[in-house]
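Residue strings, one per chain:
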Amino acid sequence: MQDFSQVPQEQPKKKKSGFKIVFYFILLIIIGVLYINLWEEYSFVFKKRTVTQEERDMYKKAYDLFQNKDYSTAKQQCQQLISKFPRNANCYDILSIIEFLDKNYKLAEVYAGKAIKNTSIPSYYYFYHRGQAREKLGKDYAAAKDFKKAGKITPSLNDGFLRAGHIYKEDTHDLFDAIKCYKKHLEYHPDSNAAVYNAA
């Protein structure tokens, strides 16, 4: 007679845990966010290119028109240059300033963003100008982020950390971040009365 007590019992199937799926999904999101932020900050390493004499001459003409406050003609010259040399970051920055002066803040933001994306050398000007446009558009956190980036690139030449501190204090009411920015500004501008007053 067969002993059924020795027959192996079928093990109950383990339910697949949704925890792993959620974990990997969150991990992918974190990696994506880090990639986006790091790419904007360090992608200039991959953007080095050769600038032709024709491009230099066209940019000089646009810059001279801009310096002489002939903004309408400077804008046309920049647009002609970009149609031929679409990676000229300085020209995008000039367009950003002109649109900002004309109170076209959305276009100013777009052009400053293109300057950032096409630059081969990080410039605090581009982040600062985009920060100005974003501040006008009410994009407080994004503006503060741009001002801080401007401050990190060339802290001794601009008030990026001070501007970010003002946004955190007056607009978003993040006093801890505001004080951090004011103190950072004071490291390079110890005589800044505005930073001393607000950091206290």
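Our structure is the block above this text.
Conventions and cut-offs
Residues numbered from 1 in each chain as written. Predicted model: local features only at pLDDT ≥ 70, side-chain atom pairs only at ≥ 80, totals over all residues. Heavy atoms only, no water. Helix = DSSP H or I, 4+ residues; strand = E, 2+ residues; numbered from the N terminus. Expected span 1.5 Å × (residues − 1). Buried < 20%, exposed > 50% of the residue type's maximum accessible area, 1.4 Å probe, protein only. Contact = heavy atoms within 4.5 Å. Polar contact = N/O pair within 3.5 Å; in protein donor to acceptor, adjacent residues only side chain to side chain. Core = buried A, V, L, I, M, F, W, Y, C linked by side-chain atoms within 4.5 Å. Salt bridge = Lys/Arg side-chain N within 4 Å of Asp/Glu carboxyl O.

(A) Representation of helix α6 (residues 124-136) within the structure. In this model, α6 (13 residues) spans 18 Å end to end at C-alpha, consistent with the 18 Å of a helix rising 1.5 Å per residue. Counting buried positions along α6 yields 10 of 13 residues, so the element is predominantly enclosed.

(B) Representation of the environment of H189 within the structure. Its location among the elements puts H189 in the loop between α9 (175-188) and α10 (193-199). For the pair H189 and N158, spaced 31 residues apart in sequence, the C-alpha to C-alpha distance is 9.5 Å. In this structure, H189 is in contact with P155, S156 and N158, ignoring residues within four places of it in sequence. Separated by 2.9 Å, the side chain of H189 and the backbone oxygen of P155 make a polar contact.

(C) Examining the nonpolar core more closely. Core analysis: the largest hydrophobic core is formed by 36 residues, its most contacted members being C78, L81, C91, I94, F147, A164 and Y168. When residues of this core are assigned to their parent elements, the largest contribution, 6 residues, is made by helix α4 (residues 89-101). The contacts of I94, once residues within four sequence positions are left out, are Y59, Y63, F66 and C78.

(D) Examining the pattern of salt bridges more closely. Scanning the entire structure with this criterion turns up 10 salt bridges. The shortest N-O distance in the salt bridge between K139 and E109 comes to 3.0 Å. With a gap of 30 residues between them, K139 in the loop between α6 and α7 (140-153) and E109 in helix α5 (residues 105-118) connect regions that are remote in the sequence. Residue K139 is classed as partly exposed on the basis of its relative accessible area, which comes to 32%. The exposure class of E109 is buried, given its relative accessible area of 7%. D146 is the partner of R134 in a salt bridge, and the nearest nitrogen-oxygen pair spans 3.0 Å. Residue R134 is found in helix α6, and its partner D146 is found in helix α7; the two are separated by 12 residues along the sequence. Take R134 and D146: they sit in the same class, and that class is buried.

Without other data, these values stay purely geometric and don't point to any function.
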